[in-house]
Structure formats: structure tokens, C-alpha cells
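So you can see what is in the structure, the chains are spelled out below.
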Amino acid sequence: MSSPPEGRGSLAVVLAATILTLAVGYLIKSPCLDGRTWDGGEYRRMCYSDVAALYGSADRDRGLTADRIPFLEARNEYPALSAMAMWAAAVPSSSFVSFFNWTAVLLTASALAVAWALHRLIGSGALLFALSPTLALFGFVNWDLLAVAPATVATVVFLRGRDLGAGSLLGLGAAAKLYPALLVPTFAVSRIRDGRGPDAWKVAAGALGAWAAVTLPFALAAPG
């Protein structure tokens, strides 16, 4: 799969636009990062974020403020990869703001991976993502970009004919949020329709293997 005709200059524009949009998103969320008791105004101001809210409730529940490992030392209702990302952001953090900032770094890296992958697919059309108001408003609301990134990169890899790699990326995405798993049957059926049945199994095997590699260790170590 060759690069789009717009070239590297266009990619730089797309990546810069993504960072700019997320910077606006950060400013939108910043009024709600002081740890005060929320009164509903955070929704009218569009600054609510699960990131800050979950850190605020972490002392008893998720163990983030105590840096306890998810599942092993504290409960966490998120899939394994998202839970570990939360833990990784919590370890160097000591406040709402620092936890949000470290999480924002992880989500920004994920968004840049999405922008890169979209540029590989549609060239400067990736600006529709990079400059999207939705990205500004919701990019830092939850950890969804952790799943969107591997799912989008998996599409690029799939179109290059690397079926095992594409499936593995979908499995990683499913270990962060479930919905990348929905692409597994889609990609597999596409290979079957092309008369490439063995490659369909590669997609499925890669997805199951990657998901299991991230998830099963926690399931076995802490089945409760």
C-alpha cells in the first residue's frame, strides 16, 4: 500500500491539526479538573470527563490514587488494556490534574496513530478526523481512543495483506474496548469472499491470541 499522493507535508498538517484539536479539547475540559464536587454544571459547560471522575472515586474502588494494580489489588470494570492504561497514568500522578494530564498524553498518542492511519488510507481526507469538533469534545472524556487506534491501524495493515498482524491489532483493541472485535468477522468474511479462507483464520487467530495474551493473565491470577 503506497503513500497517498499528498506526501509527508500533508501528513505533518494532519498530525499538527490533531494536536491543535486536542489542545482545544483540553481547554474545554480544564474547568472541571480541580476536584471540586460537581453540581451538574459540568455537563452544561461540556467539561465533564470520566477520567477525572473515576480518579476522584478511586480511593475505595479502583485503587488509582493508591497505585494498586487493577484486578490484582483493586477492582476495575474496564477491559484489561484500558485498566492498565489507567494504572500507568495513576502511578506518577498525585492529583486530578496530573492524572488527567498523563491520561491525555496516552490518548493524544492514540489519536496521532489514528490520524497517521487515516492519512495512509485517504490522504488529506484525514483532516475530517483531525479537525473534528467531536474529537475536541469527546477525545478526553473516556479511554475510547485506546481502542480506536489499533482498530484503525489494523485496517491499514489488513489492506496491506498482513492478516495475522491485522487480527492481532484488533485483539489489542478489543482488550481496551470491545468494539474492535466487531471488525474481526468483517475482515475474515472479506478474505473468504476473495477465496482466501486460510487468511481469514489468520485474522481470527491473531485477534484471539492478542486478546488472550493481555486478558487471560489477569483472569487466571484474579478470577474473582
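Rules of the game
- Going along each chain's sequence as written, the residues are numbered from 1 onward.
- Thresholds applied to this predicted model are a pLDDT of at least 70 for local features of residues and 80 or more for the giving and counting of side-chain atom pairs; totals over whole chains, interfaces and linings are not thresholded and use all residues.
- Neither water nor hydrogens contribute to the side-chain values; these are computed over all heavy atoms in the structure.
- Segments assigned H or I by DSSP are reported as helices when at least four residues long, segments assigned E as strands when at least two residues long, and all are numbered from the N terminus.
- One fewer than the residue count of a helix, multiplied by 1.5 Å, yields its expected span.
- Only the stretch in contact is used when fitting a helix axis, every axis being a line fitted to C-alpha atoms; angles between N-to-C directions are given from 0 to 180 degrees.
- For classification, angles of less than 35 degrees are called roughly parallel, those exceeding 145 degrees roughly antiparallel, those between 65 and 115 degrees roughly perpendicular, and all remaining angles oblique.
- Note: crossing handedness is left-handed where the near helix turns anticlockwise from the far helix by less than a right angle, and right-handed where it turns clockwise.
- Residue contacts follow a heavy-atom distance rule, with two residues in contact if any of their heavy atoms lie within 4.5 Å.
- For this classification, Asp, Glu, Lys and Arg are treated as charged, while Ala, Val, Leu, Ile, Met, Phe, Trp, Tyr, Cys and Pro are nonpolar and the rest, including Gly, are polar.
- When two cysteine sulfur atoms are found within 2.5 Å, that pair is recorded as a disulfide.
- To sort residues, take the accessible area from a 1.4 Å probe on protein chains only and compare it with the maximum for the residue type: under 20% means buried, over 50% means exposed, and anything in between is partly exposed.
- Note on definitions: salt bridges are taken to be side-chain nitrogens of Lys or Arg within 4 Å of carboxyl oxygens of Asp or Glu.

Draft legend 1. Geometry of helix α5 (residues 96-122). Spanning 27 residues, α5 covers 38 Å between terminal C-alpha atoms, matching the ideal 39 Å at 1.5 Å per step. Following α5 by one or two positions, Gly123 has its phi on the positive side, about 65°.

Draft legend 2. Looking closely at the packing of helix α4 (residues 80-90) against α5. The interhelical angle for the contact between α4 and α5, taken along N-to-C directions, is 130°, at an axis separation of 8 Å. As summarised for this structure, α4 and α5 are arranged oblique, according to the angle between their axes. Taken as a pair, α4 and α5 cross one another with a handedness that is right-handed. Contacts from Ala85, Met86, Ala89 and Ala90 of α4 reach α5 at Phe99, Trp102, Thr103 and Leu106. Its residues assigned to classes, the contact of α4 with α5 shows 7 nonpolar, 1 polar and no charged.

Draft legend 3. Examining the state of the cysteines more closely. Going through the model one piece at a time under the given rule, you end up with 1 disulfide. The disulfide that involves Cys32 links it to Cys47, with 1.8 Å between the sulfurs. Residue Cys32 is found in the loop between α1 (7-29) and α2 (41-44), and its partner Cys47 is found in the loop between α2 and α3 (50-56); the two are separated by 15 residues along the sequence. Accessibility classification places Cys32 together with Cys47 in one group, the buried group.

Draft legend 4. Inspection of the pattern of salt bridges at higher detail. For the structure shown, the criterion picks out 5 salt bridges. One salt bridge connects Asp199 with Arg196, and the closest N-O pair in it is separated by 2.8 Å. What makes Arg196 partly exposed here is its relative accessible area of 30%. If you follow the salt bridges from partner to partner, you end up with Asp163, Arg191, Arg196, Asp199 and Lys202 in one network.

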